[in-house]
Amino acid sequence: MVERNELILVYFATVRRITLIYMKSTAIIIPTRLKAKRFPNKPLAKIKNLPMIVHVVNRAKEASVGQVIVATPDQEIIDIVKKNGGQAVLTKNEHPSGSDRVYEAYLKMLENKVDLIINLQGDMPNIEPNSIIKLEKLMRNNKCDIGTLSSSIKNKEELEDINIVKLHVGKDLKDNEFLDVKDFFRKSDDLDNKKIYHHIGIYAFTNTALKKYVELDRSKLEIERNLEQMRAMENNMVIKTGYTDSYPLGVDTDKDLEKVTKEMNR
């Protein structure tokens, strides 16, 4: 009888350890599609003889924080990702935001298997794997719904460029801090005495926060600013940001593609 009870205790202890490991798992999901309004077929644009989406997948895999999946409505992207050793899932064509597409992929591939989902934008081919690692660590060590990253604004031209998304925090952002974001915007006439940083297109959601986010209606500022994170902000979800001194370039135009190609060729 004693031996049987000991076996039962060992069994439940093992199950508990497996559950804890299981619940602390991360996945990176990269939403992308061919019909981007500003730059059609952008994921297939070649940089160093590889499609941009393949570069993003490779950077995500190098971070080694968890499974990497491309979420797309386009079979052509799926074929290219798989041909280059990546994993992809077909999603429906229309979604109000990239995070909504990420959630569909999560439900199809990972539901209840991970507790942290990183939405990595498919147009940042030169993102540093260390930046992804840093965001995952910050999310594990702090309590919030959504986490993201930011870097310093280099000059006035960047501050005024509507293709560069900015964020506002309450004080100077130091390395290894994770501060509440007060606002996101593309352009503002009210910048006096504000701590403004260049927003990096990566988000980490807890699984519960991602579910909550996609169940919300599109918000007023989300539509006006064309910034999906405003849906969370306007519904009092907590978004925090950490600092990175790397400078991944988002590709929204042909000019951006030229810039990031030069950068990566160095």
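Keep in mind that what you see is a predicted model, and the values were worked out from it rather than measured.

Basis of the calculations
Residues take numbers from 1 onward in each chain, read along the sequence in its written order. The predicted nature of this model means local features are confined to residues of pLDDT at least 70 and side-chain atom pairs, given and counted, to a pLDDT of 80 or more, with totals for whole chains, interfaces and linings taken over all residues. Excluding hydrogens and water, the side-chain figures rest on all heavy atoms present in the structure. Each axis is a line fitted through C-alpha atoms, and for a helix only the stretch in contact is used; angles between axes span 0 to 180 degrees, taken between their N-to-C directions. Going along the chain from the N terminus, every DSSP run of H or I of four or more residues is numbered as a helix, and every run of E of two or more is numbered as a strand. By definition in this entry, angles of less than 35 degrees are roughly parallel, angles greater than 145 are roughly antiparallel, angles of 65 to 115 are roughly perpendicular, and the rest are oblique. Less than a right angle of anticlockwise turn of the near helix away from the far helix marks a crossing as left-handed, whereas a clockwise turn marks it as right-handed. Residue contacts are counted whenever heavy atoms from the two residues lie within 4.5 Å of one another. By the convention adopted, Pro, Cys, Tyr, Trp, Phe, Met, Ile, Leu, Val and Ala count as nonpolar, Lys, Arg, Asp and Glu as charged, and the other residues, Gly among them, as polar. For every residue, the accessible area (1.4 Å probe, protein chains only) is compared with the maximum for its type, and the residue is labelled buried under 20%, exposed over 50%, or partly exposed between those bounds. Strands qualify as paired when DSSP identifies two bridges or more between them. Handedness of a crossover: with both strands directed away from the viewer, a clockwise path from the first strand across the helix to the second marks it as right-handed. The predictor attaches a confidence to each residue, and that confidence, scored 0 to 100, is pLDDT.

## Quick look at the packing of helix H4 (residues 98-109) against helix H7 (residues 207-215)
Look at H4 against H7: their axes get within 10 Å of each other, and the N-to-C directions meet at 120°. In terms of orientation, H4 and H7 fall into the oblique class. For the pair H4 and H7, the crossing hand works out as left-handed. Residue-level inspection shows Ser99, Asp100, Val102, Tyr103 and Tyr106 of H4 in contact with H7, the latter providing Asn207, Leu210, Lys211, Tyr213 and Val214. Class assignment for the residues of the contact of H4 with H7 results in 6 nonpolar, 2 polar and 2 charged.

## Here's the deal with the pairing of strand S4 (residues 66-72)
Taken across its 7 residues, S4 has 5 buried, putting it largely inside the fold. Inspection of the sheet shows strand S1 (residues 26-31) paired to S4 by 6 bridges, in the parallel sense. Paired with isoleucine 28 across the two strands is valine 68, which belongs to S4. Here 3 bridges tie S4 to strand S5 (residues 88-90), and the two strands are oriented parallel to one another. From the neighbouring strand, valine 70 faces S5, where its bridge partner is alanine 88. Between S4 and its parallel partner S5, the chain crosses via helix H3 (residues 75-83), and the hand of that crossover is right-handed.

## A look at the confidence of the model for the chain
Overall, the prediction assigns the chain a mean pLDDT of 89, with 91% of residues at 70 or greater. Taking the mean pLDDT of every element in the chain, the minimum, 51, falls on helix H1 (residues 2-23) and the maximum, 98, on S1. Low confidence marks residues 15-22, where pLDDT is under 50. Its contacts with residues over four positions away, or in another chain, come to 2 contacts.

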